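# Analysis of the macromolecular model
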Amino acid sequence: KVIEDGIRGTEMPGAGSMMEREVWQTASFVRSLGKIPVKPPPGDPERGAEIYRGKGACTGCHSIRGEGGIAGPDLAGIGGTRSAGYLHQALVDPEAELPEGYLLVKVVTKNGESMTGVRVDEDSFSLQVRDNSGRSYSFWKSEIAQADKQRGKSPMPSYKGRLSAEELTDLVAYLASLKEGK
């Protein structure tokens, strides 16, 4: 049923034009994946946790189970939803693949105030944005002089050159170890 209908609100689409037999074959294949032991990525998760809290300064934006910043996504279960390869790519090139619906916006009001942040919500009459410090703003669209939607942009810095290859490997190992309930 999950393969046939997908999971609403996630990146998992429905089967679309697959035949019933193909849906069952896909389900069988997916079930077999859980029987293969998962090999943890290389690196030291404990050193990665130190980098996350220290040199990487990740807690300024991200939280894990309520500890840390709120500007970026909570990373509590990131290891259960993203591969080590994806995590590494996100650290060295944060703009390579952004989550669906993610949008950075620069807002200039009619009275000249300016701020940049992530769109939290938007409707026909208003726009809500959260800046890097985690502060939320709500604007009536009638008060906005300019709203520059920066598609494909992220405020997250690249760690390429900021962390050594070994530090990146350790940080990825730590993030990959973060599973729900752990």
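Residues numbered from 1 in each chain as written. Predicted model: local features only at pLDDT ≥ 70, side-chain atom pairs only at ≥ 80, totals over all residues. Heavy atoms only, no water.

Next up on the list: the layout of surface pockets. Approximately 1,000 Å³ is the volume found for the largest pocket. Residue lining of the largest pocket: 38 residues in total, with P73, L75, I78, Y86 and P99 positioned closest to the centre. Put simply, the parts of the chain that give the lining of the largest pocket at least two residues each are α4 (78-81) and α5 (84-92). (1 Å grid on protein atoms, 1.4 Å probe; cavity = no way out; pocket = protein on both sides within 12 Å on 5 of 7 lines; lining within 4 Å. Points joined across faces, edges and corners; volume = space filled by probe spheres on them. Helix = DSSP H or I, 4+ residues; strand = E, 2+ residues; numbered from the N terminus.)

Bringing unusual backbone geometry into the picture now. Phi angles above zero are rare outside glycine, and A57 is one such case at about 55°. The residue A57 is located in the loop between α3 (45-53) and β1 (63-64) in this model. Judged by its relative accessible area of 47%, A57 falls in the partly exposed class. Even without glycine at this site, R65 takes up a positive phi of about 50°. Considering the arrangement of structural elements, one finds R65 in the loop between β1 and β2 (67-68). (Buried < 20%, exposed > 50% of the residue type's maximum accessible area, 1.4 Å probe, protein only.)

Close contact between α5 and helix α6 (residues 165-177) brings their axes to 9 Å; oriented N to C, the two are set at 125°. Here α5 is positioned oblique relative to α6, judged by the angle of their axes. Read as a crossing pair, α5 and α6 show a hand that is right-handed. Only L168, L171, V172, L175 and A176 of α6 make contact with α5, whose side of the interface consists of A84, L87, H88, L91 and V92. Among the residues forming the contact of α5 with α6, the class breakdown is nine nonpolar, one polar and no charged. (Axes fitted to C-alpha atoms, helices over the stretch in contact; angles between N-to-C directions. Parallel < 35°, antiparallel > 145°, perpendicular 65-115°, else oblique. Left-handed = near helix turned anticlockwise from the far one by under 90°. Contact = heavy atoms within 4.5 Å. Nonpolar A, V, L, I, M, F, W, Y, C, P; charged D, E, K, R; others polar.)

Within the open sheet, the five strands sit side by side as β6-β5-β4-β3-β7. Their pairing is antiparallel. Of all the strands in the sheet, just β6 (136-140) and β7 (144-150) have a single pairing partner and so form its edges. Taken pair by pair, the neighbouring strands of this sheet meet at an average axis angle of 40°, ignoring direction. In terms of strand pairing, strand β3 (residues 104-109) meets strand β4 (residues 114-122) through five bridges, oriented antiparallel. The partner of V105 across the bridge, within β4, is G117. (Pairing = 2+ DSSP bridges.)

Considering the arrangement of structural elements, one finds T109 in strand β3. Take T109: its relative accessible area is 10%, and that puts it in the buried class. Beyond its immediate sequence surroundings of up to four residues, T109 is in contact with F139, E143, I144 and A145.

Evaluation of the coordinates by the stated rule reveals nine salt bridges. The shortest N-O distance in the salt bridge between E166 and R47 comes to 3.3 Å. Taken together, the positions of E166 in helix α6 and R47 in helix α3 put the pair 119 residues apart, joining distant regions of the chain. Residue classification places R47 among the partly exposed positions, given a relative accessible area of 37%. (Salt bridge = Lys/Arg side-chain N within 4 Å of Asp/Glu carboxyl O.)

Let us now look at the packing of aromatic side chains. Evaluated as defined, the whole model comprises two aromatic pairs. Ring geometry for Y52 and Y174: centres 5.6 Å apart, planes at 55°, overall tilted. Residue Y52 is located in helix α3, and its partner Y174 is located in helix α6; the two are separated by 122 residues in the primary sequence. Comparing Y52 with Y174, the two get one shared label, buried. Taken together, a centroid distance of 6.2 Å and an interplanar angle of 5° make the contact between Y137 and F139 stacked. Geometry around Y86 places R82 over its ring, the cationic atom sitting 4.6 Å from the centre. (Phe/Tyr/Trp six-rings, centres within 6.5 Å; stacked < 30°, edge-to-face > 60°. Lys NZ or Arg CZ within 6 Å of the ring centre and 35° of its normal.)

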